[in-house]
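Close look at the chain arrangement
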There are 2 protein chains.
Amino acid sequence: MIKKDGTIASPKGFTADAVHAGLKYKNLDLGIIISEIPAQVAGVFTKNKVCAAPVVLDRTLVKSGEIQAILCNSAVANAVTGDQGMINAMLTQKFVAKKFNIKESLVAVCSTGVIGVQLPMEKIETGINRLSENGQADRFAKAILTTDTVTKTVTLTSVINDKTVTMSGVCKGSGMIHPNMCTMLAFITTDANISHELLQKLLSEVTETTFNQITVDGDTSTNDTVLVMANAMAGNEAIKEKTQDYEIFKAMLFETCTILAQKIAADGEGATKFIEVSVSGAPTDERARMIAKKIVGSNLVKTAIFGADPNWGRIVSSIGQAADFEPDDILVKIQNEKVLEHSTPLYFDKAILSQKLKEKEVMIEVDLNKSQGYGKAWGCDLTYHYVEINATYTS
Amino acid sequence: MIKKDGTIASPKGFTADAVHAGLKYKNLDLGIIISEIPAQVAGVFTKNKVCAAPVVLDRTLVKSGEIQAILCNSAVANAVTGDQGMINAMLTQKFVAKKFNIKESLVAVCSTGVIGVQLPMEKIETGINRLSENGQADRFAKAILTTDTVTKTVTLTSVINDKTVTMSGVCKGSGMIHPNMCTMLAFITTDANISHELLQKLLSEVTETTFNQITVDGDTSTNDTVLVMANAMAGNEAIKEKTQDYEIFKAMLFETCTILAQKIAADGEGATKFIEVSVSGAPTDERARMIAKKIVGSNLVKTAIFGADPNWGRIVSSIGQAADFEPDDILVKIQNEKVLEHSTPLYFDKAILSQKLKEKEVMIEVDLNKSQGYGKAWGCDLTYHYVEINATYTS
C-alpha cells in the first residue's frame, strides 16, 4: 500500500469541484464529487435520534446500492428543520440531477453547520449551476469545513488482481459535534470493483475501530455521515470475501478511515495535542475499545494532558468506569514511560515525563493483563481555547 | 418539614469533631461523627470498578446493619493502594475503636484526596487521639473538603409519630471526580427510629433521583460514598412501610439528598453558574432522568451557558443522543422563555435571553410530549477556570 498526494478525485473516473455559494461570508461552502458512472455505495450515519434531513435521505439511497454524486454544503446543517428541510434536501438532489444529467435517485446530499436554519435554496441552486464536472478537486476538502483549522485528506494505492486500485478520503470535523457548527463528515472514493453489499459490510466493520473510536467532546452530531463510492473503473475483477484481494482492500479502507479519524481528533476544537490511547489485555476487543475511548474522552485526562501532567490516577479511574470486571493488575505507560505496574505506582521523574508531555503527540498505553482484547482510541486535549470557542460562539 | 441551621450533630445523640492532623498543609483534614449508641446504617457507593480500600470496607459494614462512628480524612484517598491500603483502613478503625471505646466493626472510615498514596498512619493515629466526643461539630464539614470552595450542610426537622425527628446532612465534592483530589462524600445523621433494611431501601431509591443526577465532569470517583446513620433517639415508634410516617421520613431524606446534591453541583470545579434541567413527557421517569443528565453533562451545553448563549441546538442534539425513541415534538424553555415548540424554532430576543443567562442559576425545561416520564438533573457551567484547575494541578 502506497500513500500518495492526491484529492478525492484521484481514483479513476471521479471528478470534484467546489464554489462559494454565499452560505458562508466568503469561504468555499458548496462542493460536489461525481463519478463518471454509477458507483457502488456504502454509508454509516449518526446514531443520534435527532438526525438531519440529508441523513434520513441518504440512508435510503445507500440501501438502493448505487449513487453517482455527493453534494455537500457547509454553514447550514439542515437539521431540526421539519418537512421543509426534507423538501429542500430533495430539491437539492433535483438541482444536481438536472445540472449534471444524473438520475435524482443517484445524488446523495450532505450538510453541516447551524441547526434549526433552512437551506437558502436560491443560493444552493445558483451555486450548483456554477459547479463543474471539470473542476478543481482540491477545493472540495475546503468547502466542507466549519470550525476545522485544516483540510483532511488521504490517498492510497495498492495492487488488487494485477490492477492498480486507488482510494481517496476527505473529511471534516473538529469535534464529534460542534455547537451549532456540527458534524463529522467523511467521503471516500475508490475505483475498485466491489459490490455494494460487501462494501457496506466492510465499512460498518472498519468504522467500529476507526471513526467510532475518536472523541473530542463526547457528543454525537445530528449529521454524522461517512459515504464510500466504488466505481469499478480500476478494472479489477469484483472483490470476493476470503481472498487476498479482499484483505488488501480491507487494509486500504482501514488505513484510509484511520488516517481520516486521526486527523479529526488532532484538529479537535481548541486542541494543542493529539492523544492516542491503546488498551491491551482486556476481556474482548470491544471492551478494550470502550476503555480506551473512556480514557481519551475524560475531561480530567484531557486537561491533565493539556497541563503536561502525568496524572495516572485519572487514567486508572477512567478504566474503572468503563470496565465490566475488576481491573486488579493494571500497567500504565505514558509517553513510553511506565508509571504503574501490577496496579502499583512506580517511581518516575515527574519533571522529565512532564517535559515529554509537551510534545504534540501523546501516547497512553494500558495493559489490563486479563485476556487478549485490544483496542485504540484517539482524541485531543481540553484547553482554554475549547471553552473560548464554545462559550463565545453566538448561536 | 422545617429547614434549620445546624450541624451533622444536630440530631439527638450525635457528636462530631475535626482536627488538623497534618495531611493537608494547614486546614482541617480529619473528622469524626459519633452516635451515643449504635445506629442503623445505610450506604451507597461508587460504581467505579476501581474502588478505594475504605469503600470495600464500608460496603461490608453497611451489610451488617449497624455502625456507631464515621471517621473521614481528606488529602489522601487511600485508592489504588493495594493490600497496605486495606491494612491501613482497618488500622484506622482500630485507633477509633480504642480511643472512643467503640467496637471496631462499628467504625466506618472514608477517605478523599490523592490516588495512589498510602495514608500516613502516624499522623492518622495522633489525629484520632486528639479528636473529642465533645468537639465542635461544625468543624467536620470543613475537614472533608478538597477542591470545594464552600462547606455543604443541611438540617431538617419534622414530626413523626408525635416526636420531633431531626435529619442533618453534610457533603463534599466539587466534581463527580477530581483529578487526584477525587470524590463525592455525603454523611447523613438522623435520630429517627427506622430499621437498617428500610433505611437502605429508601436511600437507594432516593439516590437515583438526587446524587446520581448531578454531574460536573462526567467522571465517577473511586471513592464516592453516601452513609446514613439512624440512632432512634427521637423516640418515635419504628417507621413502617406504607404509613404516613414513612412518607414524611422519605420526604425528609429526599429533601436532604436533593439539597446536598444541588450544593455539590453549584460548587463544581470552576463553576460560575448552577444549572437545573427538567425533562417531562418522556416514556419513563428513568429515561427522563437520563436525558436531563445528558443535557446538563454536555460540554457544549455547559460552555454555552458559561457564554450566556441560548443555544438550543446543543440541547436538542443531547436529547437525541440519550433518547431511545424519535423525539419529534420537542419543547425547550431556557430561563422560562420558549425557544422551540413542536420541534420548531421560535422567535425570541437573543439579547434579552442572553442577559437572563447571566444569572447565577439557569433553568432548562424540556417537554418531549410522548408520555408522563419526568426527571431532573443538576450541574454547572464549563469554564476557563475548570481547565485551569485541572491542567495546572500537579499530580
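What counts, and at which threshold
Residues numbered from 1 in each chain as written. Chains lettered and ligands numbered in written order. Predicted model: local features only at pLDDT ≥ 70, side-chain atom pairs only at ≥ 80, totals over all residues. Heavy atoms only, no water. Helix = DSSP H or I, 4+ residues; strand = E, 2+ residues; numbered from the N terminus. Rg over C-alpha atoms; globule rule 2.2 N^0.38 Å. Contact = heavy atoms within 4.5 Å. Lys, Arg positive; Asp, Glu negative; His and termini not counted. Charge placed at Lys NZ, Arg CZ, Asp CG, Glu CD. Pairing = 2+ DSSP bridges. Salt bridge = Lys/Arg side-chain N within 4 Å of Asp/Glu carboxyl O. Polar contact = N/O pair within 3.5 Å; in protein donor to acceptor, adjacent residues only side chain to side chain. Nonpolar A, V, L, I, M, F, W, Y, C, P; charged D, E, K, R; others polar. Least-squares fit on C-alpha atoms with pLDDT ≥ 70 in both. Buried < 20%, exposed > 50% of the residue type's maximum accessible area, 1.4 Å probe, protein only. Domains from an automatic or database assignment. Buried area = accessible area lost by both parts, 1.4 Å probe. Expected span 1.5 Å × (residues − 1). Phe/Tyr/Trp six-rings, centres within 6.5 Å; stacked < 30°, edge-to-face > 60°. Lys NZ or Arg CZ within 6 Å of the ring centre and 35° of its normal. Axes fitted to C-alpha atoms, helices over the stretch in contact; angles between N-to-C directions.

**Looking at the overall build of chain A**
Scanning chain A for helices and strands turns up 11 helices and 15 strands. Since a compact globule built from 395 residues should have a radius of gyration of about 21 Å, the 22 Å found for chain A is in line with a globular shape. A sequence separation of at least 24 residues applies to 81% of the contacts in chain A between residues at least 6 apart. Considering chain A, the positive charge centre built from 40 side chains and the negative charge centre built from 45 side chains are found 3 Å apart.

**What to know about unusual backbone geometry**
Residues and elements named next belong to chain B. Positive phi, normally seen in glycine, also occurs at asparagine 336, with a value near 70°. By the secondary structure assignment, asparagine 336 is in the loop between β11 (331-334) and β12 (337-341). Despite not being glycine, asparagine 369 shows a phi value in the positive range, around 50°. Within the secondary structure, asparagine 369 is located in the loop between β14 (361-367) and β15 (373-380).

**Quick notes on the sheet that holds strand β13 (residues 344-345) of chain B**
Pairing is mixed in the open sheet, where 6 strands are placed in the order β13-β12-β11-β14-β10-β15 (chain B). Edge strands, defined here as strands with exactly one partner in the open sheet, are β13 and β15 of chain B.

**With respect to the interface of chain B and chain A**
Between chain B and chain A, the residue contacts involve 54 residues of the former and 55 residues of the latter. The interface formed by chain B and chain A includes 0 salt bridges. Remark: the boundary between chain B and chain A carries 7 residue pairs in polar contact (both at pLDDT 80 or more). Of all the elements in the fold, those that place two or more residues in the side of chain B that touches chain A are α8 (299-306), α9 (312-322) and α11 (384-392) of chain B. The leading source of residues in the side of chain B that touches chain A is α9 of chain B, at 8 residues. Of the residues contributing to the side of chain B that touches chain A, the split by class is 22 nonpolar, 22 polar and 10 charged.

**Considering the relation of the copies chain B and chain A**
Superposing chain B onto chain A requires a rotation of 180° together with a translation of 0.0 Å along the rotation axis, leaving an RMSD of 0.0 Å. One copy is carried onto the other by what is essentially a two-fold rotation axis. Proximity to the rotation axis, assessed at the C-alpha, singles out tyrosine 384 of chain B in chain B; its C-alpha lies 2.7 Å from the axis. A share of 100% of the interface residues of chain B reappears at the interface of chain A, consistent with the copies meeting face to face through the same patch.

**Topic: the pairing of strand β10 (residues 274-282) of chain B**
Residue and element names in this part refer to chain B. Summarising burial for β10: 8 of the 9 residues are buried, a large majority. Relative to β14, β10 runs parallel, the two sharing 7 bridges. Residue pairing in the sheet places serine 280 in a bridge with aspartate 367 of β14. Inspection of the sheet shows β10 paired to β15 by 7 bridges, in the antiparallel sense. Directly across from alanine 282, in β15, lies its bridge partner glycine 373.

**Here we look at the domain arrangement of chain A**
Residues and elements named next belong to chain A. Annotation of chain A at the domain level lists domain 1 (2-265) and domain 2 (274-392). Between domain 1 and domain 2, the contact holds 13 residues from the first and 14 residues from the second. Summed over both partners, the interface of domain 1 with domain 2 comes to about 1200 Å²; 57% of that surface belongs to carbon and sulfur atoms. A per-residue breakdown of the area domain 1 buries against domain 2 is headed by Gln213, Thr215 and Gln262, which together make up 45% of the total. Inspection of the region where domain 1 meets domain 2 yields 0 salt bridges. Here domain 1 and domain 2 share 4 residue pairs in polar contact (both at pLDDT 80 or more) between them.

**Points about helix α6 (residues 244-266) of chain B**
Between its first and last C-alpha, α6 of chain B extends 33 Å over 23 residues, near the 33 Å set by a 1.5 Å rise per residue. All of the buried residues in α6 of chain B are Tyr246, Phe249, Met252, Leu253, Thr256, Cys257, Thr258, Ile259, Leu260, Ala261, Ile264 and Ala265 of chain B.

**Concerning the packing of aromatic side chains**
Here a ring pair, both rings aromatic, is described through the centre-centre distance and the interplanar angle of the planes. This model, assessed by the stated rule, comprises 4 aromatic pairs over all chains. One Lys or Arg, lysine 99 of chain A, reaches over the ring of phenylalanine 100 of chain A and ends 5.8 Å from the middle of that ring.

**Topic: the pairing of strand β12 (residues 337-341) of chain A**
Residue and element names in this part refer to chain A. By the bridge criterion, 3 bridges tie strand β11 (residues 331-334) to β12 in an arrangement that is antiparallel. Each bridged residue has a counterpart across the sheet, and for valine 332 the counterpart in β12 is leucine 340. Two successive antiparallel strands, β11 and β12, enclose a turn made up of 2 residues, where glutamine 335 displays a positive phi of approximately 50°. Relative to strand β13 (residues 344-345), β12 runs antiparallel, the two sharing 2 bridges. Looking at the pairing, leucine 340 lines up with proline 345 of β13. Counting the residues that bridge the hairpin from β12 to β13 gives 2 residues, and of these histidine 342 lies at a positive phi of roughly 50°.

**Points about the sheet that holds β11 of chain A**
All names here are of chain A. Here 6 strands make up an open sheet; going across it, the order is β13-β12-β11-β14-β10-β15 and the pairing mixed. What marks the edges here is a single partner per strand, and that holds for β13 and β15 (373-380). Set on the sheet, helix α9 (residues 312-322) makes contact with β11, β12, β13 and β14 (361-367); between it and β11 the angle comes to about 135°.

**Notes on helix α5 (residues 196-209) of chain B**
Relative to the 20 Å expected for 14 residues at 1.5 Å per residue, α5 of chain B spans 21 Å between its end C-alpha atoms, a close match to the ideal helical length. Residues of α5 of chain B that are buried in the fold lie against β3 (30-45), α1 (53-64), β9 (225-230) and α6 of chain B.

**Quick look at the environment of threonine 7 of chain B**
Residue and element names in this part refer to chain B. Of note, threonine 7 is situated in the loop between β1 (2-4) and β2 (14-19). Distance from threonine 7 to aspartate 138, taken between C-alpha atoms, is 5.6 Å for residues 131 residues apart in sequence. Those residues in contact with threonine 7 that sit more than four places away from it in its chain are Ala137, Asp138, Thr155 and Ser168. One polar contact links the side chain of threonine 7 to the main-chain amide nitrogen of alanine 9, over a distance of 3.0 Å.

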